Each structure stands twice: as structure tokens, then as C-alpha cells.
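In case you want the letters, here they are:
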Amino acid sequence: MAGNQIDPKYIYISFDGYTINPDEFGDADIEITAGGENSDVIKGKSGGHETVWKYDKIDQLTFTLFSHSASSYKLENYHNQKKQIENLIVKDTNPNRQRTWTSTASNVKSYDAVALTGGNGYAFTIECEEDFEIS
């Protein structure tokens, strides 16, 4: 699951009752990192491989929104006011996956201006204080 990239046309994100509409997403992939599932593969002698699990990585969600969108404005305010997101839900509705990630405590860690096809935008990173629950 580490660095899992998701196509925005299949994604549904809501935070504290606000919903991000699919037309607000920029053209970058949405990336979800779930800490307990991160690993590194280390090459050993004689061509062997060893997988080392890392449980210290912080769960986070990264995505782009057009700067003129209502959700972008709300997330900027969450960041500037240090307001905690109490109910973050991410649903992947792709028929091949259909997974849901939820977190009851997270914060907008950062947002950076980016150029997107169709206008200016922001790349948001939401960091979970409590790990994502995956269902």
C-alpha cells in the first residue's frame, strides 16, 4: 500500500461533512500512504531479497485541487487555522479495488502551489494523527 496511486475519477474524499467533487481534482494522481504497510526490499547476497517492514511511517493523503475550488479554500483555512480534521473518509470506487480509508484525527500538513492542466492549483498533504483504518 505504500505510495498507492489512485485515479481521481474513481475517488471520493470527504472531511468533516464536506465532499470534494471529482471536477475539483487536478490532473495528478492521488497518493495514499498507510504506515503499517510500508516496506523496503533489500537485495541480499546471491540474488536473494529481504523485505523490511517499517511501522514508523506516518499515514498521509496527497492530492491536487484547482485553486478556485470550494474544497481548496476550505482546506487552506484548515491549514492556516491549525484546525484538526475529525472525520476524513477516502473511498476508491474503482470496481477492481473498492477500498475505504478513514481517520478520526488528521491535519492539513502542507499545501503548495502547482501548475495544473486547466488552471492553477494546490498540492495538499493531509497527515493522520491516528492511522488510517482500511476496509
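The structure displayed is predicted, hence computed values, not measured ones. (Residues numbered from 1 in each chain as written. Predicted model: local features only at pLDDT ≥ 70, side-chain atom pairs only at ≥ 80, totals over all residues. Heavy atoms only, no water.)

> It is not clear to me how the confidence of the model for the protein should be interpreted in this structure. Could you clarify?
Mean pLDDT over the protein works out to 84, with 80% of the residues at or above the 70 mark. Across the protein, element-level confidence peaks in helix H1 (residues 70-80) with a mean pLDDT of 95 and bottoms out in strand E6 (residues 49-54) with 58. (pLDDT = per-residue confidence, 0-100. Helix = DSSP H or I, 4+ residues; strand = E, 2+ residues; numbered from the N terminus.)

> Would you mind showing me how to read the nonpolar core here?
Among soluble globular proteins, nonpolar side chains are generally buried collectively. Formed by 23 residues in total, the largest nonpolar core has its most connected members in Ile13, Leu61, Phe63, Leu75 and Leu88. In terms of residue count, the dominant contributor to this core is strand E11 (residues 119-128) (four residues). Discounting chain neighbours no more than four positions away, the residues touching leucine 88 are Ile13, Ser14, Phe15, Leu61, Trp101, Thr102, Ser103, Ser106, Ile126 and Phe132. (Core = buried A, V, L, I, M, F, W, Y, C linked by side-chain atoms within 4.5 Å. Buried < 20%, exposed > 50% of the residue type's maximum accessible area, 1.4 Å probe, protein only. Contact = heavy atoms within 4.5 Å.)

> Help me understand the environment of proline 8 in this model?
Within the element layout of this structure, proline 8 appears in the loop between strand E1 (4-6) and strand E2 (11-15). Discounting residues that sit within four places of it in the chain, proline 8 has contacts with Phe25, Gly26, Ala28, Asp29 and Ile30.

> Which parts of the structure should I look at to understand the sheet that holds strand E8 (residues 88-92)?
In any sheet, the strands associate via hydrogen bonds between backbone groups, in a parallel or an antiparallel arrangement. Strand order in the open sheet formed by five strands is E3-E2-E8-E9-E12, and the pairing between neighbours is antiparallel. Of all strands in the sheet, those with a lone pairing partner are strand E3 (18-20) and strand E12 (133-134), marking the two edges. When strand E9 (residues 99-103) meets E12, the two strands line up antiparallel, connected through two bridges. The partner of tryptophan 101 across the bridge, within E12, is isoleucine 134. With respect to the sheet, H1 is in contact with E2 and E3, its orientation differing from that of E3 by roughly 125 degrees. (Pairing = 2+ DSSP bridges. Axes fitted to C-alpha atoms, helices over the stretch in contact; angles between N-to-C directions.)

> I would appreciate a short explanation of the packing of aromatic side chains in the present structure.
For any pair of aromatic rings, the description rests on two quantities: the centre-to-centre distance and the angle between the ring planes. This model, assessed by the stated rule, comprises seven aromatic pairs. Centroid distance phenylalanine 15 to tyrosine 18: 5.4 Å. Interplanar angle 50 degrees. Geometry classified as tilted. Among the residues examined, phenylalanine 15 registers a relative accessible area of 1% and is labelled buried. Arranged with centres 6.1 Å apart and planes meeting at 65 degrees, the rings of tyrosine 122 and phenylalanine 124 form a pair that is edge-to-face. Residue tyrosine 122 shares its accessibility class with phenylalanine 124, and that shared class is buried. An aromatic cluster of at least three residues, connected via ring pairs, comprises Phe25, Phe63, Tyr111, Tyr122 and Phe124. (Phe/Tyr/Trp six-rings, centres within 6.5 Å; stacked < 30°, edge-to-face > 60°.)

> Could you clarify how one ought to interpret the pattern of salt bridges in this entry?
Any two side chains of opposite charge can pair if their charged atoms end up close together. A full pass over the atoms with the stated rule returns two salt bridges. Aspartate 92 is the partner of arginine 97 in a salt bridge, and the nearest nitrogen-oxygen pair spans 2.5 Å. Residue arginine 97 is classed as partly exposed on the basis of its relative accessible area of 34%. Looking at aspartate 92, the relative accessible area reads 2%, which means it is buried. Here glutamate 127 and lysine 109 are joined by a salt bridge, their closest N and O atoms 3.4 Å apart. Placement of glutamate 127 in strand E11 and of lysine 109 in strand E10 (residues 106-116) is noted, with a sequence separation of 18 residues between them. The exposure class assigned to lysine 109 is partly exposed, which follows from its relative accessible area of 48%. (Salt bridge = Lys/Arg side-chain N within 4 Å of Asp/Glu carboxyl O.)

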